[in-house]
Amino acid sequence: MATRYLVNFALEEVDRIEVGFLVIGSGIAGLYTAHAASAYWEDVLVLTKRGIDDTATEHAQGGIAAAVGPNDSPLYHYEDTLSAGAGLCDPTAVEILVTEGPARVEELMRLGARFDRADGRLDLTREGAHTRRRILHAMGDATGAEIQRVLSEAVRSSPKITVMENHFLVDLLVTSGVCWGVLALDWRELRLKAYLAPVVVLATGGAGQIYKHTTNPEVVTGDGIAAAYRAGAEVMDLEFVQFHPTVLLLEGLPRFLISEAVRGEGGILLNAQGERFMPRYHPMAELAPRDVVVRAILQELERTGSQVVYLSLEHLDPELVHARFPTISQRLKVYGLDLARDRIPVAPAAHYFMGGVKTGFYGETSLRGLYACGEVACPGVHGANRLASNSLLDGLVFGGRIVEYARRGVGEKPARWEARGEGLIPGPPVDYSRLKGELRDLMQTWVGPVRCAEGLSRALRQLARWDTLNRYEATTLEEMEFKDMLEVAYLVTEAAWMRTESRGGHYRADFPQPVPRWQRHLIFRRQV
Ligand code: SIN
């Protein structure tokens, strides 16, 4: 679909800043990678789209999974991850995740992360599809905020790391298959700048904002995936989008995640008629894999004609509920709801991209010098469906591995820096904010948790109509974001259309079963 660049530019005409190690994104993956890199590089630069804490990590509630409990082992964690991944996990990537994970989590604790404890021991909870209690959490349900706090402090206090906020990744600079920098928009100054480095790490998160209903913050518009694809990097598994089953749905109010840990601690789901329905759908009931819970909810919504199902904790001790989930309780209170006593109206919303920029076991992409970690990346660790709370862990483990790999000296400087974007024409005035809304509606309706050939074809036709806008030079942040969202929406829809089976987070109503010949990955690469 895409053109090579979003803007016309000549490298010699933009400010150029050279650094040793460049990270784009400031969630757990980006900040941890920057922190780890500062042990070997004197000049690490983090570019981030808004403020350092405007990340999906900041909003993560449930926790971080690691086999650190007395009845647990990396082997059990490995088995649970593979089983959630529905045949598409890379077993080696999973083995790396579960065996290296505990040490990375300990490092976070050494940096100052305070995970909740009971009787002096880590207080581990359970979430869907985990057979053991292995989720570490902080301040009850503010795990992401605690990790973000610790990593932001570590990065801010390091003399070797600079953080530049309000920098939007426009495009990657690549020559002959080697990435050597990025073009970024300093959107406060409205200036294009080139940041050049032998090691470029994408940690820009997923693309939840291509959906109308999402748990992701506004910044998560797929910029890293889109820029990498435009530059010719391989992207993989993009049809697999995870929808979170329980997101607060109150008309006119922003969506708000109600952590799976709430069900892990005994919360149950009721339909509009007040019946508990999950035991009818799966032996693990409310703790079944997320895609199973999501589809069960959708069936109940259709059966009862309601917009929401209800999460109920009425049978639990209210004091314990409020103490365990202070952030959620507080937010619900603002909306006049009591987590312990009221039935909380919820519905599924887009939450996590299993697919992304294809990487190896050290975060290396198909372009030399370009690495990716966290949600933007796809090392194959989540397969077709991510096990809850594995994503924070994934950011740490593969971020750390990038540093190990790159410090062996694989980064290289091109003989000459040269790049030029040209041929884009000035466009007519277009309301890109409105188009973003239309794109989100389209994706929610036709490429949501339940898909079919007819809906996917309709979506592809509309996306192709919008593609004509790619002839125009992008001049605003809104337009650039729309074009990134469009690119990712197209990749997701195309992959979903091609995969004529159901597996993990991808469900086709017209092909409702998994098909053995589809136990393989869809990899896209743009010819540049
Ligand atoms: C949650 O708290 O339910 C989200 C955890 C996750 O997506 O891993």
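Right, let's walk through the structure included here. (Residues numbered from 1 in each chain as written. Predicted model: local features only at pLDDT ≥ 70, side-chain atom pairs only at ≥ 80, totals over all residues. Heavy atoms only, no water.)

**Here we look at the sheet that holds strand S17 (residues 268–270)**
The cut-off we apply is this: Criterion used throughout: strands pair if DSSP finds at least two bridges between them. Labels follow the DSSP assignment, with helices taken as runs of H or I lasting at least four residues and strands as runs of E lasting at least two, numbered in each case from the N terminus.
If you walk across this open sheet you meet the 5 strands as S16-S15-S19-S18-S17, and the pairing is antiparallel. Each having just a single partner strand, strand S16 (256–257) and S17 make up the two edges of the open sheet. Pairing analysis gives 3 bridges linking strand S18 (residues 309–312) to strand S19 (residues 344–353), with the strands arranged antiparallel. The residue of S19 that forms the bridge with Val-309 is Val-346.

**Digging into the packing of aromatic side chains**
To be explicit about the condition: The criterion for an aromatic pair is that two Phe, Tyr or Trp rings (for Trp, the six-membered ring) have centres within 6.5 Å, with stacked assigned to planes under 30 degrees apart, edge-to-face to planes over 60 apart and tilted to the rest. Only lysine NZ and arginine CZ atoms are considered, and such an atom sits over a ring when it is within 6 Å of the ring centre and within 35 degrees of the ring normal.
If you walk through the whole model with that rule in mind, you get 9 aromatic pairs. Joined through ring pairs, the aromatic side chains of Tyr-362, Tyr-371 and Tyr-405 make up one cluster. Directly above the ring of Trp-187 sits Arg-188, whose terminal nitrogen or CZ lies 5.4 Å from the centroid. When the ring centre of Tyr-362 is taken as origin, the NZ or CZ atom of Arg-408, which lies over that ring, is 5.2 Å away.

**What about helix H9 (residues 290–304)?**
Under the convention used in this document: A helix is expected to reach a length of 1.5 Å times the quantity of its residues less one. With a 1.4 Å probe rolled over the protein chains alone, any residue whose accessible area is under 20% of its type maximum counts as buried; one over 50% counts as exposed, and the rest are partly exposed. Every residue pair with non-hydrogen atoms within 4.5 Å of one another is taken to be in contact.
With 15 residues, H9 extends 21 Å from end C-alpha to end C-alpha; this agrees with the ideal 21 Å at 1.5 Å per step. Along H9, the residues that are buried comprise Arg-290, Asp-291, Val-292, Val-293, Val-294, Ala-296, Ile-297, Glu-300 and Leu-301. Of the surrounding secondary structure, the elements contacted by the buried residues of H9 are strand S15 (241–248), helix H7 (260–264), S17, helix H8 (278–281), S18 and S19. One or two steps after H9, the chain reaches Gly-305, where phi turns positive at roughly 70°.

**Some points on the pattern of salt bridges**
The criterion, for reference: By definition here, a salt bridge exists when the distance from a side-chain nitrogen of Lys or Arg to a carboxyl oxygen of Asp or Glu is within 4 Å.
Scanning all chains against the criterion turns up 39 salt bridges. With a shortest N-O distance of 2.8 Å, Asp-171 and Arg-230 are connected by a salt bridge. With Asp-171 in strand S10 (residues 167–175) and Arg-230 in helix H6 (residues 223–230), this residue pair connects regions lying 59 residues apart in the sequence. For the residue pair Asp-171 and Arg-230, the accessibility class agrees, reading buried in each case. Taking the shortest distance from any N to any O, the salt bridge between Glu-479 and Lys-483 comes out at 2.8 Å. In this pair, Glu-479 and Lys-483 both sit in helix H15 (residues 477–498), 4 residues apart, roughly one turn of the helix. Given the relative accessible area of 5%, Glu-479 is considered buried. The exposure class of Lys-483 is buried, given its relative accessible area of 3%. Overlapping salt bridges, with partners in common, bring together Asp-15, Asp-186, Glu-189, Arg-191 and Lys-193 in one network.

**Here's the deal with the layout of surface pockets**
Test applied: Points on a 1 Å grid, built from protein atoms alone, make a cavity when a 1.4 Å probe fits but cannot get out and make a pocket when they are open with protein on both sides within 12 Å along at least 5 of 7 lines; residues with an atom within 4 Å of a point are the lining residues. Grid points are joined across faces, edges and corners, and a volume is the space filled by probe spheres set on the points.
In this structure, the second largest pocket spans a volume of roughly 800 Å³. Where the lining of the second largest pocket is concerned, the elements lending two or more residues are S15, H9, S19 and helix H13 (432–446). Counting residues per element, the lining of the second largest pocket draws most heavily on H9, at 7 residues.

**Topic: unusual backbone geometry**
Although it is not a glycine, Met-139 adopts a positive phi angle of roughly 45°. Of note, Met-139 is situated in the loop between strand S8 (135–136) and helix H5 (143–157). Met-139 gets classed as partly exposed once you look at its relative accessible area, which sits at 45%. A positive phi angle, near 60°, is found at Asp-237, a position not held by glycine. By the secondary structure assignment, Asp-237 is in the loop between strand S14 (235–236) and S15.

Remember, this is a structural readout, not a statement about activity or role.
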